[in-house]
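Below are the chains, spelled out letter by letter.
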Amino acid sequence: MKNQNVTSNLDWISILIYGLLVILGWMNIYSSSLPIEAASFDMAEIYGRQLIFIILTIPLIIIILSIDAKIYEKFAFVFYIIGILLLVGLFVFGKTVKGQTNWYGIGSFGFQPSEFVKTATSLLLAKYLSDALVFLKYTKHQLIAFGIIGLPILLILLQPDAGSAMIFLSLVLVLNREELPEWYLWTGFFAVILFFCSLFIEPEYILITILVLMLLHFIKAKRINRNPLAYLMVFIMATAFVLSVDFVYDNVLEPHQKDRINVLFDEGVDLKKEGYNLNQSMIAIGSGGWIGKGFLEGTQTKGGFVPEQHTDYIFTTVGEEWGFVGSTVVILLFVALLLRLLYLAEHQKTKFSRVYGYCVVSILFTHFFVNIAMLIKLFPTIGVPLPFFSYGGSSLFAFTILLFVFLKLDANKVNEW
């Protein structure tokens, strides 16, 4: 039987939402980067360069959709190795910006390989997990899966770029969906909670609380013969973790990382220094009210009070100029895209396509959630761009590749048995 034309089977709902997000993103970049005294449209300005990037995504999308879908699975390992080599190459040829060596300088433009390695890692993880002989209930297979995710994390942390490294951790959600034992996820969740609690609560109070909760759980579960030694080991590890937090905070975290945690919890924060960015972003978002001040009318935006507003802080422009209503519309568009992609992933015919779809959803969701949460003081401030909104060719191209590779795989399912 002749293969059907996959282009005619593309999910146009996802493409429409993608297009809307890119257009709305550019409008906010235009507003946040337009000089007050500008007399005409200038392609040399930030908004002009972003427009060039957007135009270049058109041939990029055509290329992605023109490639045989099987290529993405067949050469997943090759893509991954290329990505790892690009990360390693940063330590020799990389450009250091604000203490981070995570860019290649190409004339007046920059190239950030960590953005593209997310797609390569997702492809290899999908290829590995789709192997009929791989089962995540086995420790060996778990270690290999963690290794695929962990290698780029290690290289990115050495740059150092904790924000980008954190995004890769979202792929653990995919492993959990593919039957990784749930205690991994719960352990990570409680470790994060314990870390922050240990910064502001005396260790003895935390350990007493843990001990009481464990005793209650042991008594409740005694009838199914729980091993008391297992409870003892967990308590010992929790104790060691809690008592080590102060050492890690004082001797491992960089000063700027400590500042971001202190800002989140209002611990000795100077609003003119380390707390300035977050304070200004919250002022900008809050000043928009219900319907905003209007396009190009944001006083915080036009006054340049929010540093680098066209990048990680782009959502503050949405909040100020479009208000609560406009912000809600943008958030609903992201939610609609994520739900649509999750629906498509659940209806794939091959495990490779399904797992890759989960990877796409996990990465986009983490970027979306963390970026907005950090602007409203629900998450420490880290350098995570808002997909399709934040300025930058690397992030726009990388998110476009990540998304359209999946849409190609989805369109090709009409040819899968």
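Now for a look at the structure at hand. Just so we're clear, the structure is a prediction, and the values are computed from it rather than from any experiment. (Residues numbered from 1 in each chain as written. Predicted model: local features only at pLDDT ≥ 70, side-chain atom pairs only at ≥ 80, totals over all residues. Heavy atoms only, no water.)

1. Re the sheet that holds strand β1 (residues 95–97)
Logical step 1: Read from one edge of the open sheet, 3 strands run β1-β2-β3, paired in antiparallel fashion. Each of the sheet's edge strands pairs with one partner strand only, and the pair in question is β1 and β3 (109–111). Geometrically, the sheet is characterised by an average inter-axis angle of 55° between neighbouring strands, direction not taken into account.
Logical step 2: The pairing of β1 with strand β2 (residues 100–106) spans 3 bridges and is classified as antiparallel. Residue Lys95 lies in a different strand from β2, and its bridge partner there is Trp103. (Pairing = 2+ DSSP bridges. Helix = DSSP H or I, 4+ residues; strand = E, 2+ residues; numbered from the N terminus. Axes fitted to C-alpha atoms, helices over the stretch in contact; angles between N-to-C directions.)

2. Considerations on the environment of Phe111
Logical step 1: Looking at the secondary structure, you find Phe111 in strand β3.
Logical step 2: Accessibility expressed as a relative area gives 23% for Phe111, which makes it partly exposed.
Logical step 3: Here the alpha-carbon distance between Phe111 and Ser395, two residues 284 residues apart in the chain, equals 9.2 Å.
Logical step 4: With residues near it in sequence (within four places) discarded, Phe111 still touches Leu86, Asn102, Trp103, Tyr104, Ile106, Phe116 and Ser394. (Buried < 20%, exposed > 50% of the residue type's maximum accessible area, 1.4 Å probe, protein only. Contact = heavy atoms within 4.5 Å.)

3. Structural notes on the side chain of Glu115
Logical step 1: Mapped onto the elements of the fold, Glu115 is located in helix α5 (residues 113–129).
Logical step 2: At a separation of 3.0 Å, a polar atom in the side chain of Glu115 contacts the side chain of Lys118. (Polar contact = N/O pair within 3.5 Å; in protein donor to acceptor, adjacent residues only side chain to side chain.)

4. Describing the nonpolar core
As a rule of thumb, nonpolar side chains are buried together in soluble globular proteins.
Logical step 1: Judged by nonpolar contacts, the single largest core of 97 residues is most densely connected at Leu125, Leu341, Tyr356, Phe388, Phe389 and Phe404.
Logical step 2: Contact partners of Leu341, with chain neighbours within four places excluded, come to Ser14, Val360, Val361, Leu364, Leu403, Phe406 and Leu407. (Core = buried A, V, L, I, M, F, W, Y, C linked by side-chain atoms within 4.5 Å.)

5. Re unusual backbone geometry
Logical step 1: A cis amide bond links Gln159 to the next residue, Pro160, at an omega of -10°.
Logical step 2: With respect to the helices and strands, the residue Pro160 is situated in the loop between α6 (139–157) and α7 (162–169).
Logical step 3: At Phe388, a position not held by glycine, the phi torsion is positive, near 70°.
Logical step 4: Along the chain, the position of Phe388 falls in the loop between α16 (351–375) and α17 (393–411).

6. Focus on the environment of Leu90
Logical step 1: Along the chain, Leu90 turns up in helix α4 (residues 76–93).
Logical step 2: Between the C-alpha atoms of Leu90 and Thr139, which are 49 residues apart in sequence, the distance is 33 Å.
Logical step 3: Once residues lying within four places of it in the same chain are set aside, the contact partners of Leu90 are Thr101, Asn102, Trp103, Tyr104, Pro113 and Gln159.

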